[in-house]
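Here's the letter readout for the chains.
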Amino acid sequence: MLQLIETICWEKGAFQRIPLHEERMNRSRLHFFNRTDKISLIQLLTVPENLKNTILKCRVTYSEEIEEVEYVIYKLKPIRSLKLVIDDSIEYDYKFKNRDKLNNQLKMRGNSDEILIIKNGLVTDTSFTNIVFLKEGKWYTPEYPLLCGTRREYYIQMNLIKPISITLDDLCLFEGARLINAMMSLEESETILIPDICRPD
């Protein structure tokens, strides 16, 4: 059975960017299951009382309906180096629970902390985040990511980052990179220096 996931950040006593998560879930349900009814996460999610003062990763597994909700105390994992991996066939435009292809590519990271996937000559995503690049005080993100993340979308709407086409050869034009996802903000993510993004073997 096809299953999808949604990862939602609980911080400062509230779920973050709920409308964007609901939009993606309902878009996925319509696409795969022809479900036109809407899921309202804010009515369905309840944080355990003893965890309300922590930062939580809320992981929702769903298909037509929500199947499981898990709450895990979150701790930021530092990522300081990336290994470039070329894969022109990889697809992850919906947030599937099955991540076998991504996990297989992650095994190619060698001594680096993470991978950065190049598809059809363009920079896309790491195995679990979107990426942004700094140039002259402004932040840019690949125009064609593998997955359009909710925090990426929020930053675009707020004009904090700008989507542009970024090729492999363009990387040297930037001063550094940071990773973002539902749990990792632009402010908290560590800067990855361009020399620490390793070329494919």
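Structure shown above.
Residues numbered from 1 in each chain as written. Predicted model: local features only at pLDDT ≥ 70, side-chain atom pairs only at ≥ 80, totals over all residues. Heavy atoms only, no water.

Asks: With reference to specific residues and values, describe the overall build of the chain.
Replies: The helix and strand inventory of the chain stands at four helices and twelve strands. Taken against the 2.2 N^0.38 rule, which gives 17 Å for 201 residues, the C-alpha radius of gyration of the chain at 17 Å falls within 12% of a compact globule. On the principal axes, the C-alpha backbone points of the chain span a range of 45 × 35 × 30 Å. Counting all 201 residues of the chain, 47% fall into the buried class. In the chain, 28 positive and 30 negative side-chain charges are present, and the distance between their average locations comes to 2 Å. (Helix = DSSP H or I, 4+ residues; strand = E, 2+ residues; numbered from the N terminus. Rg over C-alpha atoms; globule rule 2.2 N^0.38 Å. Buried < 20%, exposed > 50% of the residue type's maximum accessible area, 1.4 Å probe, protein only. Lys, Arg positive; Asp, Glu negative; His and termini not counted. Charge placed at Lys NZ, Arg CZ, Asp CG, Glu CD.)

Asks: How would you sum up the sheet that holds strand β10 (residues 161-164)? Please name residues and give values.
Replies: Pairing between the strands of a sheet comes from backbone hydrogen bonds, and it takes one of two forms, parallel or antiparallel. Taken in spatial order, the four strands make up an open sheet running β10-β9-β8-β11, and their pairing is mixed. Sheet topology places β10 and β11 (176-180) at the edges, where each strand pairs with a single neighbour. Going from strand to strand, the sheet's axes swing by 35° on average, the running direction of each strand aside. Summarising the sheet, strand β8 (residues 130-135) and strand β9 (residues 138-142) pair through three bridges and their orientation is antiparallel. Bridging from a neighbouring strand, Leu-134 pairs with Trp-139 of β9. Across the face of the sheet, helix α4 (residues 150-157) comes into contact with β8, β9, β10 and β11 while running at roughly 105° to β10. (Pairing = 2+ DSSP bridges. Axes fitted to C-alpha atoms, helices over the stretch in contact; angles between N-to-C directions. Contact = heavy atoms within 4.5 Å.)

Asks: Please set out the pairing of strand β1 (residues 4-11) residue by residue, giving values where relevant.
Replies: Judged by how many residues are buried, β1 sits mostly within the fold: eight of eight residues are covered. Here β1 shows a buried face lined by Leu-4, Glu-6, Ile-8 and Trp-10 and a second buried face lined by Ile-5, Thr-7, Cys-9 and Glu-11. Looking at chain direction, β1 and strand β3 (residues 56-62) are connected through seven bridges and run antiparallel. For Thr-7, the partnering residue across the bridge sits in β3 and is Arg-59. Note that β1 and strand β2 (residues 14-15) share two bridges and pair antiparallel. Among the inter-strand pairings, Glu-11 is bridged to a residue of β2, identified as Ala-14. Hairpin connection of β1 to β2: two residues between the antiparallel strands, including Lys-12 at a positive phi of 55°.

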